[in-house]
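Chain residues, written in single-letter form:
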Amino acid sequence: MPHFRSAFLAALSLTIAQGAAAETTAATPASAAPAPTLKVELNAADTTEANCKLTFLITNELSAPLDKAVYETVLFDREGTVNRLTLFDFGELPVGRPRVRQFVVPQTTCENLGRILFNGAQSCEGAGIEAGTCESALAPATRTEIEVLG
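Keep in mind that this is a model prediction, so the values were computed, not measured. (Residues numbered from 1 in each chain as written. Predicted model: local features only at pLDDT ≥ 70, side-chain atom pairs only at ≥ 80, totals over all residues. Heavy atoms only, no water.)

Backbone geometry places Ala50, a non-glycine residue, at a positive phi of 65 degrees. Tracing the backbone through its elements, the reader meets Ala50 in the loop between β1 (38-48) and β2 (51-60). We note that Gln107 has phi near 55 degrees; this positive angle belongs to a residue other than glycine. Position of Gln107 among the secondary structure elements: in the loop between β5 (99-105) and β6 (113-125). (Helix = DSSP H or I, 4+ residues; strand = E, 2+ residues; numbered from the N terminus.)

The subject of this paragraph is the nonpolar core. One finds Leu54, Phe56, Leu66, Phe88, Phe90, Ile116 and Phe118 to be the most contacted residues of the largest nonpolar core, which totals 28 residues. Among the elements of the structure, β1, β2, β3 (68-77), β5 and β6 are those that each provide at least two residues to this core. With four residues, β2 is the single largest residue contributor to this core. What Ile116 contacts, discounting residues up to four positions off in sequence, is Leu42, Leu54, Phe56, Thr73, Val74, Leu75, Ile146, Glu147, Val148 and Leu149. (Core = buried A, V, L, I, M, F, W, Y, C linked by side-chain atoms within 4.5 Å. Buried < 20%, exposed > 50% of the residue type's maximum accessible area, 1.4 Å probe, protein only. Contact = heavy atoms within 4.5 Å.)

Right, let's get into the sheet that holds β1. A sheet is described by the order of its strands in space; here four strands give the open sequence β5-β2-β1-β7, paired in mixed fashion. Here the strands that pair on one side only, and so sit at the sheet edges, are β5 and β7 (138-142). When the angles between neighbouring strand axes are averaged without regard to direction, this sheet yields 25 degrees. Where β1 lies against β2, ten bridges are found, and the strand directions are antiparallel. Bridge pairing in β2 places Glu41 opposite Leu57. (Pairing = 2+ DSSP bridges. Axes fitted to C-alpha atoms, helices over the stretch in contact; angles between N-to-C directions.)

In this section: the packing of aromatic side chains. Within this structure, the stated rule accounts for nine aromatic pairs. Centre to centre, the rings of Phe56 and Phe90 are 5.6 Å apart; their planes meet at 90 degrees, and the pair counts as edge-to-face. A residue pair is termed long-range when its members are at least 10 positions apart, and Phe56 in strand β2 and Phe90 in the loop between β4 (82-89) and β5 qualify at 34 residues. When the ring of Phe88 is compared with that of Phe103, the centres are 4.2 Å apart and the planes differ by 5 degrees; the resulting orientation is stacked. (Phe/Tyr/Trp six-rings, centres within 6.5 Å; stacked < 30°, edge-to-face > 60°.)

Attention shifts here to the state of the cysteines. A complete count under the given rule lists two disulfides for this structure. Between the sulfur of Cys52 and that of Cys110 lies a disulfide, 2.0 Å long from S to S. The disulfide joining Cys52 to Cys110 has a torsion of about 105 degrees about its S-S bond and is therefore right-handed. With Cys52 in strand β2 and Cys110 in the loop between β5 and β6, the pair connects residues that are 58 residues apart, well separated along the chain. Both residues of the pair, Cys52 and Cys110, belong to the buried class. A sulfur-sulfur distance of 1.9 Å marks the disulfide that ties Cys124 to Cys134. (Disulfide = S-S within 2.5 Å.)

Once that is clear, we can look at the sheet that holds strand β8 (residues 147-149). With mixed pairing, the four strands of this open sheet are ordered in space as β4-β3-β6-β8. The two strands at the open ends of the sheet, each matched to only one other strand, are β4 and β8. The average angle at which neighbouring strand axes cross in this sheet is 20 degrees, direction not considered. Two elements, β3 and β6, share ten bridges in a ladder whose sense is antiparallel. Its bridge partner lying in β6, Asp77 is registered against Leu113.

Written as structure tokens, this is what we have:
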């Protein structure tokens, strides 16, 4: 009889666990699509002649192309002090097609940069693009030692 009771309890526990898992799966639809993003990756940072050349890979995963995307950008040194405030104009960004853009920061070596902050979209234009989209959809990333925030 004790063997029957432990087998029964084990089967009951398994049934309850499966029911809980089914409820969790039902509460979270598997077909929920991720929010559209505007991926901006700092892909490389190279010092040339006492200037820093920043190379970005941008992928527009929004529902419409961007005719213009300009970000107010803050560059910080390694100690966390603001080096400068500038505008990065990423230009036209078609949907789903990666684009590479380069910016030369004069009189600053890349080794001196510690962080890049996209402070906000100065301009974000495209048919059907709502105000604030370029800020809310921004997904910054880096492949360098320079931290990128948005």
